[in-house]
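Inside the fold
The primary structure of each chain is shown beneath.
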Amino acid sequence: MRITCPLCGTRDRREFTWQGDALAIHRPARDAGPEAWDNYIHLRENPAGKTRDLWYHDPCGTWAVAERDTVTHAVHSTTLVTEVPR
Amino acid sequence: MRVAGKGLLTGAAPVSFTFDGTSYQGLQGDTLASALLANDVRLMGRSFKYHRPRGVLTAGSEEPSALVRVGKGSQAVPNVRATQQEIFDGIDAASQNRWPNLKYDVLSVNDLISPFLSAGFYYKTFMWPRAFWEGLYEPFIRRAAGLGALSGESNAEPYEKAFAFCDVLVIGSGPAGLMAALTAARGGADVILADEDSRMGGRLLAETEAVDGKPAAHWTADILNELKGMPNVRLMNRTTVTGAYDHGTFGALERVGLHGPADGPRECFWRIVARGAVLAAGALERPIAFPDNDRPGIMTAGAVRAYLNRWGVSPGREVTIFGNNDDAHRTARDLADAGVRVAGLIDSRADAKVTGDFPVFTGGKIIATRGRLGLENITVEHEGGTRIIRTDCLAMSGGWNPSVHLTCHMNGRPEWKPEIASFIPRPGAIPGMVVAGSAQGIFSTSGCLADGIRAAGKVLQSLGMKAPTIELPTAEDQTYALEPLWVVEGKGRKWLDFQNDVTVRDIRLAAQENFRSVEHMKRYTTQGMATDQGKNSNVAALALLADATGRGIPETGTTTFRPPYVPVSIAAMGAGGQGMGFAPQRFTTSHQASHERGAPMIEAGYWYRPSYFPRPGEKTWLDSCNREVNMVRASVGVCDVSTLGKIDIQGHDAATFLDFVYSNTFSTLPVGRVRYGLMLREDGHVMDDGTTARLGDNHYVMTTTTAAAGLVMRHLDFVAQVLRPELDVQIVSVTEQWAQFSVAGPKSRDLVNAMLDNHVDDASFPYMACGSVNVSGVPGRLFRISFSGEQAYEIAVPARFGGSLYRLMTAQAESMGGGPYGMEALNVLRIEKGFITHAEIHGRTTAFDIGMDRMVSLKKDCIGQTASRREGLLEDTREQLVGLRPIAAEAKLTAGAHLFDKEAEAIRVNDQGYVTSVCYSPTLKTNLGLAFLKRGRARHGEVIRLVDHLRKIETLCEVCDPVFLDPEGERLRG
Amino acid sequence: MVKLIARTPLDGLTPVTIGTVTVTEVTLDPMTMIAPFKNQLAKVDALLKAGDGVGFPAPNRMESSDGVRILWAGQGRALLIGADAPAGLRGLAALTDQADASACAQISGAGAVDALARLVPVDLRLSHFPVGQTARTFVNHMAASVTRTAPDAFEVMVMRSMGQTLIHELTEAMTNIAARNA
Ligand SMILES: [Zn+2]
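Residues numbered from 1 in each chain as written. Chains lettered and ligands numbered in written order. Predicted model: local features only at pLDDT ≥ 70, side-chain atom pairs only at ≥ 80, totals over all residues. Heavy atoms only, no water.

For chain A, the helix and strand inventory stands at 1 helix and 6 strands. The C-alpha extent of chain A, read off along each of the three principal axes, is 40 × 30 × 20 Å. Evaluated residue by residue, chain A yields a buried proportion of 47% over its 86 residues. For chain A, the share of sequence-separated contacts (at least 6 apart) that also reach a separation of at least 24 residues comes to 42%. For chain A, the accessible surface area stands at approximately 4300 Å², while carbon and sulfur atoms represent 49% of it. One finds the centroid of the 11 positive side-chain charges in chain A at a distance of 5 Å from the centroid of its 12 negative side-chain charges. (Helix = DSSP H or I, 4+ residues; strand = E, 2+ residues; numbered from the N terminus. Buried < 20%, exposed > 50% of the residue type's maximum accessible area, 1.4 Å probe, protein only. Contact = heavy atoms within 4.5 Å. Areas by Shrake-Rupley, 256 points an atom, 1.4 Å probe, with all protein chains shown as cover. Lys, Arg positive; Asp, Glu negative; His and termini not counted. Charge placed at Lys NZ, Arg CZ, Asp CG, Glu CD.)

Residue and element names in this part refer to chain B. Throughout the structure, instances matching the rule amount to 17 aromatic pairs over all chains. Look at Phe 787 and Phe 835: their rings are 5.6 Å apart centre to centre, the planes differ by 5°, and that puts the pair in the stacked class. Placement of the pair is Phe 787 in the loop between strand E42 (778-783) and strand E43 (792-798) and Phe 835 in the loop between helix H21 (823-832) and helix H22 (865-868), with a sequence separation of 48 residues. Since its relative accessible area comes to 36%, Phe 787 is described here as partly exposed. Note that Arg 493 overlies the ring of Tyr 50, its terminal NZ or CZ placed 5.6 Å from the centroid. The cationic tip of Lys 535 hangs over the ring face of Tyr 565; the distance from NZ or CZ to the ring centre is 4.3 Å. (Phe/Tyr/Trp six-rings, centres within 6.5 Å; stacked < 30°, edge-to-face > 60°. Lys NZ or Arg CZ within 6 Å of the ring centre and 35° of its normal.)

Turning our attention to the pattern of salt bridges. If you walk through the whole model with that rule in mind, you get 69 salt bridges over all chains. Taking the shortest distance from any N to any O, the salt bridge between A:Arg14 and A:Asp12 comes out at 3.1 Å. The salt bridge involving A:Arg27 is made with B:Asp861; its shortest N-O contact spans 2.8 Å. With A:Arg27 in the loop between strand E3 (16-21) and helix H1 (34-41) and B:Asp861 in the loop between H21 and H22, this pair bridges two chains. Taken together, the shared-partner salt bridges in this structure form one network comprising B:Arg52, B:Arg54, B:Asp111, B:Asp292, B:Asp294, B:Arg295, B:Arg493 and B:Asp501. (Salt bridge = Lys/Arg side-chain N within 4 Å of Asp/Glu carboxyl O.)

Residues B:Val109, B:Leu112, B:Ile113 and B:Phe116 make up a contiguous nonpolar surface patch of about 430 Å² in total accessible area. With respect to the helices and strands, B:Ile113 occurs in the loop between helix H2 (109-112) and helix H3 (121-127). (Patch = residues over 30% accessible without salt bridge, like charges linked within 9 Å, V, L, I, M, F, W, Y side chains within 5 Å.)

Let us look at the coordination of the zinc ion. Residues and elements named next belong to chain A. Bound to the zinc ion are the protein donor atoms Cys 5 (SG), Cys 8 (SG), His 57 (ND1) and Cys 60 (SG), situated 2.0 to 2.4 Å from the metal. Sequence spacing of the donor residues for the zinc ion, all on one chain, is C-x2-C-x48-H-x2-C. Separated by 52 residues along the polypeptide, Cys 8 in the loop between strand E1 (2-5) and strand E2 (9-12) and Cys 60 in the loop between strand E4 (50-57) and strand E5 (62-69) bring together distant segments of the chain. Neither Cys 8 nor Cys 60 differs from the other in exposure class; each is buried. (Donors = N, O, S within 2.8 Å, 3.2 Å for Na, K, Ca; no water.)

All names here are of chain B. Counting buried positions along strand E47 (residues 913-921) yields 7 of 9 residues, so the element is predominantly enclosed. By the bridge criterion, 2 bridges tie strand E46 (residues 898-901) to E47 in an arrangement that is antiparallel. Bridge pairing links Leu 899 to Gly 913 in E47. Of the strand pairs in this sheet, E47 and strand E48 (residues 926-934) are connected by 8 bridges, and their pairing is antiparallel. Across the sheet, the residue bridging to Tyr 920 is Asn 927, located in E48. Where E47 folds back on E48, the antiparallel hairpin that results is connected by 4 residues, among which Lys 925 adopts a positive phi of roughly 55°. (Pairing = 2+ DSSP bridges.)

Taken residue by residue, the interface counts 14 residues in chain A and 11 residues in chain C. In total, chain A and chain C occlude about 980 Å² of area from one another, counting both sides; carbon and sulfur atoms represent 56% of this. The three residues of chain A that bury the most area against chain C are A:Leu7, A:Arg11 and A:Pro59, which together make up 47% of that side's buried surface. Scanning the region where chain A abuts chain C turns up 0 salt bridges. In this structure, the connection of chain A to chain C is made through 4 residue pairs in polar contact (both at pLDDT 80 or more). (Buried area = accessible area lost by both parts, 1.4 Å probe. Polar contact = N/O pair within 3.5 Å; in protein donor to acceptor, adjacent residues only side chain to side chain.)

Our focus in this paragraph is the domain arrangement of chain B. All names here are of chain B. Examined at the domain level, chain B breaks down into domain 1 (13-152), domain 2 (160-284 + 402-462), domain 3 (287-398), domain 4 (485-556), domain 5 (586-643 + 737-830) and domain 6 (646-733). Distance from the C-alpha centre of domain 5 to the C-alpha centre of domain 6: 25 Å. Contact residues are listed per partner, giving 14 residues for domain 5 and 14 residues for domain 6. In total, about 1100 Å² of surface goes out of reach between domain 5 and domain 6, with carbon and sulfur atoms giving 61% of it. On the domain 5 side of the interface with domain 6, the three residues burying the most area are Met 768, Cys 770 and Arg 781, jointly 46% of the side's total. Summed over the shared surface of domain 5 and domain 6, the result is 1 salt bridge. For Asp 648, the salt bridge is made with Arg 781, and the minimal N-O distance between the two is 3.9 Å. Listed by contribution, the elements that provide at least two residues to the side of domain 5 that touches domain 6 are strand E33 (607-610), strand E40 (738-744) and E42. Of the residues that constitute the side of domain 5 that touches domain 6, the class distribution is 9 nonpolar, 3 polar and 2 charged. (Domains from an automatic or database assignment. Nonpolar A, V, L, I, M, F, W, Y, C, P; charged D, E, K, R; others polar.)

We now examine the interface of chain C and chain B. Across the boundary between the two partners, chain C contributes 48 residues, which contact 58 residues of chain B. Interface of chain C and chain B: buried area, both sides summed, is about 4400 Å²; carbon and sulfur atoms make up 51% of it. The partner of C:Asp29 in a salt bridge is B:Arg800, with the nearest N and O atoms 3.1 Å apart. At the junction of chain C with chain B, the criterion picks out 32 residue pairs in polar contact (both at pLDDT 80 or more). Those elements giving two or more residues to the side of chain C that touches chain B turn out to be strand E3 (31-36), strand E7 (93-97) and helix H3 (163-181) of chain C. Here the side of chain C that touches chain B is composed, by residue class, of 23 nonpolar, 12 polar and 13 charged.

All names here are of chain B. Interhelical geometry of helix H7 (residues 301-309) versus helix H8 (residues 327-337) gives an angle of 30° and a closest axis separation of 9 Å. By the criterion of interaxial angle, the relationship of H7 to H8 is roughly parallel. For H7 against H8, the interelement crossing comes out left-handed. Side by side, H7 and H8 meet where Ala 301, Val 304, Arg 305, Leu 308 and Asn 309 of the first sit next to Asp 327, Arg 330, Thr 331, Asp 334 and Leu 335 of the second. (Axes fitted to C-alpha atoms, helices over the stretch in contact; angles between N-to-C directions. Parallel < 35°, antiparallel > 145°, perpendicular 65-115°, else oblique. Left-handed = near helix turned anticlockwise from the far one by under 90°.)

A word on the sheet that holds strand E1 (residues 14-19) of chain B. All names here are of chain B. Strand order in the open sheet formed by 5 strands is E2-E1-E7-E5-E6, with mixed pairing between adjacent strands. Two strands close off the open sheet at either side, each with one partner strand: strand E2 (22-27) and strand E6 (77-81). Within the sheet, the average angular offset between the axes of one strand and its neighbour, ignoring direction, is 40°. Sheet topology places strand E5 (residues 67-70) next to E6; 3 bridges connect them, and they run antiparallel. What sits directly across from Val 68, in E6, is Val 80.

This part takes up the packing of helix H16 (residues 621-634) of chain B against H21(B). All names here are of chain B. At their nearest, the axes of H16 and H21 sit 8 Å apart, and the two run at 55° to each other. The orientation of H16 with respect to H21, classified from their angle, is oblique. Seen from above, H16 lies across H21 with right-handed handedness. On the side of H16, the interface is formed by Trp 621, Cys 625, Glu 628, Val 629, Val 632 and Arg 633, while H21 contributes Glu 824, Ala 825, Val 828, Leu 829 and Glu 832. Its residues assigned to classes, the contact of H16 with H21 comprises 7 nonpolar, no polar and 4 charged.

On to the environment of B:Glu157. All names here are of chain B. Counting through the fold element by element, Glu 157 comes out in the loop between helix H4 (130-144) and strand E8 (160-171). Look at Glu 157 and you get buried, because its relative accessible area is 10%. Along the sequence, Glu 157 and Gln 75 sit 82 residues apart, while their C-alpha atoms lie 7.4 Å from each other. Setting aside anything within four residues of it in sequence, one finds Glu 157 in contact with Ser 74, Gln 75, Ala 262 and Arg 266. Polar contacts involving the side chain of Glu 157 include one to the side chain of Arg 266, which spans 3.3 Å.

Time to look at the nonpolar core. B:Tyr307 and B:Ile321 are the most contacted members of the largest nonpolar core, which has 51 residues in total. For this core, the two domains that each supply at least three residues are domain 1 (13-152) and domain 3 (287-398) of chain B. Leaving out residues up to four positions away in the same chain, B:Tyr307 has contacts with B:Ala33, B:Ser34, B:Leu37, B:Val56, B:Thr58, B:Ala59, B:Thr83, B:Met299, B:Gly312, B:Val313 and B:Pro315. Counting residues in each nonpolar core, the second largest holds 41 residues, with A:Trp63, A:Val81, B:Ala654 and B:Ala655 among its members. (Core = buried A, V, L, I, M, F, W, Y, C linked by side-chain atoms within 4.5 Å.)

What follows covers the side chain of C:Arg77. Here C:Arg77 shows up in the loop between strand E5 (68-72) and strand E6 (78-81). Lacking a salt bridge, the buried C:Arg77 has B:Asp717 as its closest oppositely charged neighbour, with an N-O distance of 5.0 Å. Apart from residues lying up to four places away in sequence, C:Arg77 is in contact with B:Gln730, B:Ile731, B:Val732, C:Met33, C:Ile34, C:Ala35, C:Phe56, C:Leu71 and C:Trp72.

And the structure:
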């Protein structure tokens, strides 16, 4: 599997650490309530198909969001997490 | 026998080799199989289950039968295919799976009881009484199972792994592959042409035909010469592409040194990344399942031609041919032309057109064969009756199966093509890969050449490159005609999977017992589960299953071919990971000095740290450890703490950032001061702890534990980039920049001052102070922090000076009655003081559990704060950190032991908690432990029972505060 | 008065020559990590150019001028080697002394690229990885910076503590290459 670091280019998957769904970007406010926090910390979709998840390119220290497909394994795009619209 | 004037080895140097202790002569370029056949050796191995005598079936990597051991001792490699192993002077090969020898194999008794060992045998044994399984079946199966055996010795020979990149990977160097490589290369692409054979050319080396008006082998050599001369082409022979993976990644196994004496790398496992690929893997000929079709001397017709035309060897002196297609006729013609006696050509088709100077039996079938250790005769039933023909080699052809294997590696299912009675790849099965030639079901040379050009053109186009115009060489263009023939009924076993001894009857039995799905049939019969992975037998087995279940073949399906295409040795796959390559070794700057003092090293992550520093007269580690603890408590000790993570945090928002990642507050920390910090995960549990010093208004340096340094760095990057990208902060690891040493004990200040250009005192440099210092003119950093409970400092210098400073400090310490201390003493010192490590913050404990809940500031938001307030994480009933002292000071405590009420039975439901850290405290002259105990903080003074079920230890302990020593901290402030 | 003696990370481990490939230690002194603060990149770049003759490098690039080099070192950071950071940078960028943080080896000679192809999972073909190209990647299991300094020469930088493993990995790869070519 190969993933494109937005800075370094396309690299072998061994250079990356996977973190999970990109909804981790949207951290609730302190007082958002238990349901929002439960969603944020624990609840994840398990899609057969398109997914957005967070990857860390270990050698360069960059976090990126990958849009990919869990069925075909295609990676459609990767974006610097700092440049993802919030 | 060698046929004079035939083959491509004419003039090759002679080679001596040994098989089963007998010396033979072969030629340079021979495989073990061709050389043995040249010496009229037909018996090469025994089958897996019934120990049936077997010879060679094929001439390639798909060989199921002729598996041998090559080499001796630790260098021995089992299950080597004799059809692939090149001979070299001195090579020592031996047959396998027989005792005492190949001709008289005791376990061939299995063959006599074969009725009991048919399909589903293994599964059925599970249903019989347990005593039978343990007493009879298991020992029997273990004794009988397996082909070759490993030496049991460590394999010291080098293996490689390597990475390669190209635009176009061409797999296979037959007519299609050669033209694809040539087209791609002339089109300007970076090309890798890989072929598993030692010599490139594929079937062109095995046939007597002309390409472009030249003998095929000459034409091949010309094309290869052109490719060799191109800077954008890399030819990789002896390299089997073993797997197709995501995004253009391929695995490939190169036999680097297996064709010579053992020096240098043996094999190399390649990871090839290609933007596009052409699969030109060719096709494999399938046997026909007729009665007793497994005798040594019976092989595929294409293999017979290959032995004759490439290696100049006739596998027999009186050869018969049995086929259902025109291609088989070539074998008869080539043999006859070479002067080998053809004893008969049997074609199952009544309307087959054959002419030749040999007996022809159309509409014929072989209904019996004879010959215990090698074929002696066959019985043919044909239009004119039945007759017995004397023959020592039978060439059979049931048709050709395209090598679709790689196209299945990403879940692609091949499609049934009735014209060839076989499967072809489904288009697009591997993104970026185009299949060409006979792998695509095209069987004429001309068709393959043209298809190679087409496929490469298609790949070039997909890469945005222009395909060059390539002239199609002239070559034979015969149509391939066959009539399916899966089985010839009759008395005797009709073998399908020659290695796993699966017969037609087994397939039918599986269907009868309702294992009708192809995947069930495979597992029930072990069909296709041998080292050839069903390459020779799957299609026929499937056709028979379809027949037995009354379905068509496409409806019955196909088994899934998975990587690797050929067996890959673990040594090759794990190359680079053996011995020192397993993990990097991290050495501190003081490593050499500690080593010289005889300190045994302990691994902490990748780091090597000294356990203790033995002195003369000390008999055990504990003697040394006790002395080092006492030394620190009484005078001064020095310990390298460079392994702790050190992270520089700078920027206008550095303080805000730290307030967010730590549960407690750092924005209020004055410049020149250090504070202990607790870091939580977002789920409210403790991630890590450590001290952070404020070096300037916008500059902090954080320390992490040794174990979590990498994790914390990633976490900080996560917070800075994912959660708080608006903060202006830069995070840089400085772990390696600084060598840092702990100086602990009542005399620590004197020792530190001996190193510093300007002395420090308690007033100017109190507990938890930090600042810049000069160490002999070298700018360094000084921190007044303690992990021992003693007055202590940590002094840091640029790493280049670390080794030197350590030697100076340990020498100075010794002159003061102190010295170096290791990890064992460090651990005792921290347990005595009740300081936690990852033994306590192991991922399931909260700040509340370790008694630090007041460190979770509610005045600001921080990672993990909200979750740490959750119901259930703040309850008194939780297991809380406590100290344990045995009632009898010398009674044993063990980490991992569980705690129970004094009178309660030591069973799970009565579990009260568990022990995390233990030590003997020379300071308090007792064993000590840290533990998590339900409602622990309210139970100080209570007596509790420690039970270690594994080590059979029971100890009564008093529950106490985890800080055993100096709870007021007077020593710290010194 | 004490006297501290400096030691380089690969002291005593290099040079090593096996076959046609040679490994030598490269000293990196001074070496400063320059990480511009928010919105300061342009100023930092200008000051670097004026002071040291090299600008802030694009990702995956190394710039050099008169013995001064600047090496891209991850998102928003670069390593300035061979010269001190211009004084004006203070406050515009996080400046971190890294002169002692890395072990750096040059691997050169015919076959150097083949030796690295055993260890580095990156496309090192000259057409794709020209002189002046740098990659943050791995050398076997070690995080590393790999930079091409000439068609057949690379500089490989790893954590200082892993210097011994670096030399082990390189020499093992070189030994295998030499045996193949023998
Ligand atoms: Zn990157």
